[in-house]
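These are the residues of each chain, in order.
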Amino acid sequence: MAYSQYMRSNQSLPTILVTGATGKTGGSVTSALLREGYPVRAVIRREDMRSEQLRSKGAETVLVNVFDTHSWVSAMRGVKRAYFVPFFDPFMIQSATAFSVAAREARLEAIVQLSQWIASPRHPSLHTRQLWQTEQLFSAIPGVAHTILNPGYFADNILRLMDFATVLGIYPNLTAESLSAPISNEDIARAAVALLKDPDAYAGKSYRPTGPELVNGAEIARTLASVLGKRVASVPMPMWMMLRAAKIQKVNPFELDGFRFYVQDHLQGAFEVEGVNSVLEDLTGKPAEPFSKTVERYSANPRNQRNAANWWRVFVQFNLVPFVPGYDFDRIATSQGFPRQSHSEFTLESETWRMSHLNIQGTGGIA
């Protein structure tokens, strides 16, 4: 296509605002939209190498104070649609509120919101409760086509400690024999792009794309072994050890605070409810990639290569775990004034969740 022809076609497409553009699904959504010729305004919170990479791909970047409504209003000028990715912060709901007010003032046409399959009003995770609140908040914005993307268990969660498998030959199994259909960040992004391209067709609905197969810990270990070409054992890992290992890897403590509850949901069967579905294929014309394909891509990450530097790093980290003080999440919640629940309910215990989520077929959703 000639450059002038490309520019004319590009100008006919709406500009799409992408929050979390330096992250995992946000970055994939940005790249996919740019490949299809959509102008993308990528929200960043700081200037760094990641923001430079976004600009090198062709995205416009905008620096936003995510808690400031005026900052969001400025970012939304000339924008028609938005992909909203919540970030891990105890005050995320304030950011969502500022975003909501700005969306109404900017007269956005559509918002595709990344949420969670387990989002519910009384969940023990503050982040998950706030995701449910954000769903209600965005659905009430007048004149905006609001669509919820609520995938189940992310393959990224499973592969976070893949270097343990590569170097030590173990898969730290937190979820025993319970099942999930892990979906890749890239497939979540493909679903988001499909929803952003035709928001009126999907307004007022929720879509839960899954991976193509239900797997448990032993099957995950076998897949890792097959891809890596070495023996990988599924080894039960207590939550305290996982949290300390993640702390060594500098994972956001607020993210870990929620993750410990998601594992409990997993063990109770929340992520195997409804099994697998064809949502992604229905939306995009292409099925979700097999879990083994996702593992292959992660195996190419330099952190997951078998070499002396990685062996030494993982060996030291693994042996440090028992001596690293864990997070005291209750103390953190008290010191930072997190809102408390009078009563908490895991996902399958929530009547509100069961009434709205169960028996959703195909690409149908929650109206």
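Residues numbered from 1 in each chain as written. Predicted model: local features only at pLDDT ≥ 70, side-chain atom pairs only at ≥ 80, totals over all residues. Heavy atoms only, no water.

Caption draft 1: Here's a closer look at the pairing of strand S7 (residues 170-173). Side chains Ile-170 and Pro-172 of S7 all project onto a buried face; the interleaved residues Tyr-171 and Asn-173 project onto the opposite face, where all are buried too. Examined bridge by bridge, S7 and strand S9 (residues 233-236) share four bridges and lie parallel to one another. Bridge pairing in S9 places Pro-172 opposite Val-235. (Buried < 20%, exposed > 50% of the residue type's maximum accessible area, 1.4 Å probe, protein only. Helix = DSSP H or I, 4+ residues; strand = E, 2+ residues; numbered from the N terminus. Pairing = 2+ DSSP bridges.)

Caption draft 2: Region of the structure containing the pattern of salt bridges. Using the criterion set out here, one finds 14 salt bridges in the structure. Residues Lys-197 and Glu-36 are paired through a salt bridge, measuring 2.6 Å at the closest nitrogen-oxygen approach. With Lys-197 in helix H9 (residues 185-197) and Glu-36 in the loop between helix H2 (24-35) and strand S2 (40-44), this pair connects stretches of sequence that are 161 residues apart. Residue Arg-297 is joined to Glu-289 by a salt bridge in which the shortest nitrogen-to-oxygen separation is 2.7 Å. Overall, Arg-297 belongs to the partly exposed group, its relative accessible area being 33%. (Salt bridge = Lys/Arg side-chain N within 4 Å of Asp/Glu carboxyl O.)

Caption draft 3: Layout of the sheet that holds strand S4 (residues 81-84). The seven strands lie next to each other as S3-S2-S1-S4-S5-S6-S8, forming an open sheet whose pairing is parallel. The outermost strands of the open sheet, each flanked by one partner alone, are strand S3 (60-63) and strand S8 (206-207). Direction of pairing for strand S1 (residues 16-18) relative to S2: parallel, over a ladder of three bridges. Looking across to S2, one finds that Ile-16 is bridged to Val-40.

Caption draft 4: Spatial organisation of the nonpolar core. In this structure, Leu-159, Leu-224 and Val-232 are the most contacted members of the largest nonpolar core, which totals 36 residues. Mapped by element, the contributors of at least two residues to this core are helix H7 (155-158), helix H8 (162-168), S7, helix H11 (217-228), helix H12 (239-248), helix H13 (253-267) and helix H15 (291-299). The biggest single contributor to this core is H11, with five residues. Here Leu-224 is in contact with Leu-159, Met-162, Ala-165, Tyr-171, Val-232 and Val-295, once residues within four sequence places are set aside. Counting residues in hydrophobic clusters, the runner-up holds 34 residues, among them Val-40, Ala-42, Ala-189 and Leu-196. (Core = buried A, V, L, I, M, F, W, Y, C linked by side-chain atoms within 4.5 Å. Contact = heavy atoms within 4.5 Å.)

Caption draft 5: Spotlight on the side chain of Asp-156. Relative to the helices and strands, Asp-156 resides in helix H7. The exposure class of Asp-156 is buried, given its relative accessible area of 10%.

Caption draft 6: Representation of the side chain of Thr-223 within the structure. Inspection of the secondary structure puts Thr-223 in helix H11. Here Thr-223 is in contact with Phe-291, Ser-292 and Val-295, once residues within four sequence places are set aside.

Caption draft 7: Spatial organisation of a nonpolar patch on the surface. A surface patch of nonpolar side chains, about 480 Å² in accessible area, is lined by Trp-311, Trp-312, Phe-315, Val-316 and Leu-320. Relative to the helices and strands, Trp-312 is located in helix H16 (residues 308-320). In this structure Trp-312 comes out as exposed when scored by relative accessible area, which is 53%. (Patch = residues over 30% accessible without salt bridge, like charges linked within 9 Å, V, L, I, M, F, W, Y side chains within 5 Å. Areas by Shrake-Rupley, 256 points an atom, 1.4 Å probe, with all protein chains shown as cover.)

Caption draft 8: Molecular detail of the environment of Pro-287. As for its placement among the helices and strands, Pro-287 is situated in the loop between helix H14 (279-284) and H15. For the pair Pro-287 and Thr-210, spaced 77 residues apart in sequence, the C-alpha to C-alpha distance is 9.7 Å. Beyond its immediate chain neighbours, meaning those up to four positions away, Pro-287 contacts Arg-190, Leu-280 and Glu-281.

Caption draft 9: Helix H3 (residues 49-57), seen in detail. A side-chain oxygen of the first residue of H3 lies 3.0 Å from the backbone nitrogen of Arg-50; this N-cap is Asp-48. Count one or two residues on from H3 and you reach Gly-58, which has phi positive near 115°. (Polar contact = N/O pair within 3.5 Å; in protein donor to acceptor, adjacent residues only side chain to side chain.)

Caption draft 10: Region of interest: helix H5 (residues 92-106). A rise of 1.5 Å per residue sets the reference length of H5, with its 15 residues, at 21 Å; its end C-alpha atoms lie 21 Å apart and thus fit the reference within 8%. Every buried residue of H5 is listed here: Met-92, Ser-95, Ala-96, Ala-98, Phe-99, Ser-100, Ala-102 and Ala-103. Among the structural elements, S1, helix H4 (69-76), S4, strand S5 (110-114) and helix H6 (126-139) are those in contact with the buried residues of H5. Phi turns positive, to about 55°, at Arg-107, one or two residues after H5. (Expected span 1.5 Å × (residues − 1).)

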